[in-house]
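In case you want the letters, here they are:
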Amino acid sequence: MRIYSFVQLLALGFILAPQSSGLPPAQEIAAALQKKYDAIRDFSADFVHESEGGILKKKQSERGVVQVKKPGRMRWDYKSPEPKVFVSDGHRIYLYVPADNQVVISPVPEQDQATTAVLFLVGKGNLTRDFTVSFAPDAPAGTYALRLDPKLRERDYEWLKLVIDQKTLQIRALTAADRQGSQSKYEFSNFKENRGISDSTFAFKIPKGADVIDADGPSR
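Given the structure is predicted, the values throughout are model-derived calculations rather than measurements.

Caption draft 1: Representation of the overall build of the protein within the structure. Each helix and strand counted, the protein has 3 helices and 12 strands in total. Classification of the 220 residues of the protein by burial places 48% in the buried group. Taken as a whole, the protein presents about 11500 Å² of accessible surface, with 50% of it coming from carbon and sulfur.

Here you go:
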């Protein structure tokens, strides 16, 4: 499981909307979202993660709470159907699955190796610089739906779709699609901004007796 390569949290040919639609250009909406996000120091939200992929097109649905604090810190607490925790403290990434009593540790990707979706989520990317932005179809009432095609080829996804509240510019949903036809969608609710999330939230303590797998070294 690689939340940071979905995509994950945080998070992100310009086609203009027809004049009759009354919508501002897609690029303008993306720029406004970027400006808003630049002013956010931290945020939390409830999420529902739905994924579909593989030969059998297996569907999976999970839910939990995500917390993000710039720069580079994320915590995803999955509550159901299986508890698990994903934490990035800005230097290392920890994935803990209580059912397996196992912790997988890996380094945070260097900026030139991280996906643009990850960089935006942790406050280092830029939507209008890194993506070609266009309108996506089937936007729910009161929202904008933007399709983001990365200007540089990404290893983890082909395109992203953002659904944004028209009034608040809060992200309501994020979908990532890969070249094999798999899709991963996050829907967000109960969004809270700049609440002063403590740094200790992202300090992961390895549970006693847990099997530790270090991506850069032997298990211990």
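Caption draft 2: Representation of the packing of aromatic side chains within the structure. Within the structure shown, the criterion is met by 9 aromatic pairs. Between Phe 47 and Tyr 186, the aromatic rings sit 6.0 Å apart at their centres with planes inclined by 55°, giving tilted as the arrangement. Of this pair, Phe 47 sits in strand β1 (residues 42-53) while Tyr 186 sits in strand β11 (residues 183-193), and the two are 139 residues apart along the sequence. With relative accessibility at 2%, the residue Phe 47 sits in the buried group. Taking relative accessible area as the criterion, Tyr 186 reaches 1% and is therefore assigned buried. Aromatic side chains Tyr 96 and Phe 204 sit 6.1 Å apart centroid to centroid with 55° between the ring planes, which places their arrangement in the tilted category. With a gap of 108 residues between them, Tyr 96 in strand β5 (residues 92-97) and Phe 204 in the loop between β11 and β12 (211-214) connect regions that are remote in the sequence. A relative accessible area of 14% means that Tyr 96 is categorised as buried.

Caption draft 3: Local environment of helix α1 (residues 26-38). For α1, spanning 13 residues, the distance from its first C-alpha to its last is 18 Å, which sits close to the expected 18 Å at 1.5 Å a residue. For α1, the full list of buried residues reads Ala 26, Ile 29, Ala 30, Leu 33, Gln 34 and Tyr 37. The buried residues of α1 occupy one face: seen down the axis, they fall within an arc of 140°. Every exposed residue of α1 that faces more than 90 degrees away from the buried side is listed here: Lys 35 and Asp 38.

Caption draft 4: Local environment of unusual backbone geometry. That bond from Lys 70 to Pro 71 is cis: its omega, -5°, falls within 30 degrees of zero. When you line up the elements, Pro 71 lands in the loop between β2 (58-69) and β3 (73-80). The amide bond that connects Ser 80 to the next residue, Pro 81, takes the cis arrangement and shows omega of 0°. One can find Pro 81 in the loop between β3 and β4 (84-89). Although it is not a glycine, Asn 101 sits at a positive phi angle of roughly 50°. Assignment of secondary structure puts Asn 101 in the loop between β5 and β6 (102-107). A relative accessible area of 30% places Asn 101 in the partly exposed class. We note that Asn 190 has phi near 55°; this positive angle belongs to a residue other than glycine. Locating Asn 190 in the fold gives a position in strand β11.

Caption draft 5: Structural detail: the nonpolar core. Counting residues in hydrophobic clusters, the biggest one holds 35 residues, and the most contacted among them are Trp 76, Leu 146, Leu 148 and Phe 188. The biggest single contributor to this core is α1, with 5 residues. Ignoring sequence-local partners within four residues, the contact set of Leu 146 consists of Ala 26, Ile 29, Ala 30, Val 133, Ser 134, Phe 135, Ala 136, Leu 160, Lys 161, Leu 162 and Ile 164. Formed by 11 residues, the second largest nonpolar core is a distinct cluster that contains Val 87, Val 103, Ile 105 and Ile 197.

Caption draft 6: Structural view of the confidence of the model for the protein. Put simply, the protein has an average pLDDT of 81, and 79% of its residues get 70 or more. Counting interchain partners and residues more than four positions distant, the pLDDT-below-50 stretch residues 1-21 has 69 contacts.

Caption draft 7: Layout of the sheet that holds β3. Across the sheet, 12 strands lie side by side as β7-β8-β9-β10-β11-β1-β2-β3-β4-β5-β6-β12; this open sheet has mixed pairing. At either margin of the open sheet sits one strand with a lone partner, and together these are β7 (131-135) and β12. For this sheet the average axis-to-axis angle between neighbouring strands, irrespective of direction, equals 20°. As judged from the 6 bridges shared by strand β8 (residues 143-150) and strand β9 (residues 159-165), these two strands associate in the antiparallel manner. Residue pairing in the sheet places Leu 148 in a bridge with Leu 160 of β9.

Rules and cut-offs
- Residues numbered from 1 in each chain as written.
- Predicted model: local features only at pLDDT ≥ 70, side-chain atom pairs only at ≥ 80, totals over all residues.
- Heavy atoms only, no water.
- Helix = DSSP H or I, 4+ residues; strand = E, 2+ residues; numbered from the N terminus.
- Buried < 20%, exposed > 50% of the residue type's maximum accessible area, 1.4 Å probe, protein only.
- Areas by Shrake-Rupley, 256 points an atom, 1.4 Å probe, with all protein chains shown as cover.
- Phe/Tyr/Trp six-rings, centres within 6.5 Å; stacked < 30°, edge-to-face > 60°.
- Expected span 1.5 Å × (residues − 1).
- Arc of directions from axis to C-beta.
- Core = buried A, V, L, I, M, F, W, Y, C linked by side-chain atoms within 4.5 Å.
- Contact = heavy atoms within 4.5 Å.
- pLDDT = per-residue confidence, 0-100.
- Pairing = 2+ DSSP bridges.
- Axes fitted to C-alpha atoms, helices over the stretch in contact; angles between N-to-C directions.

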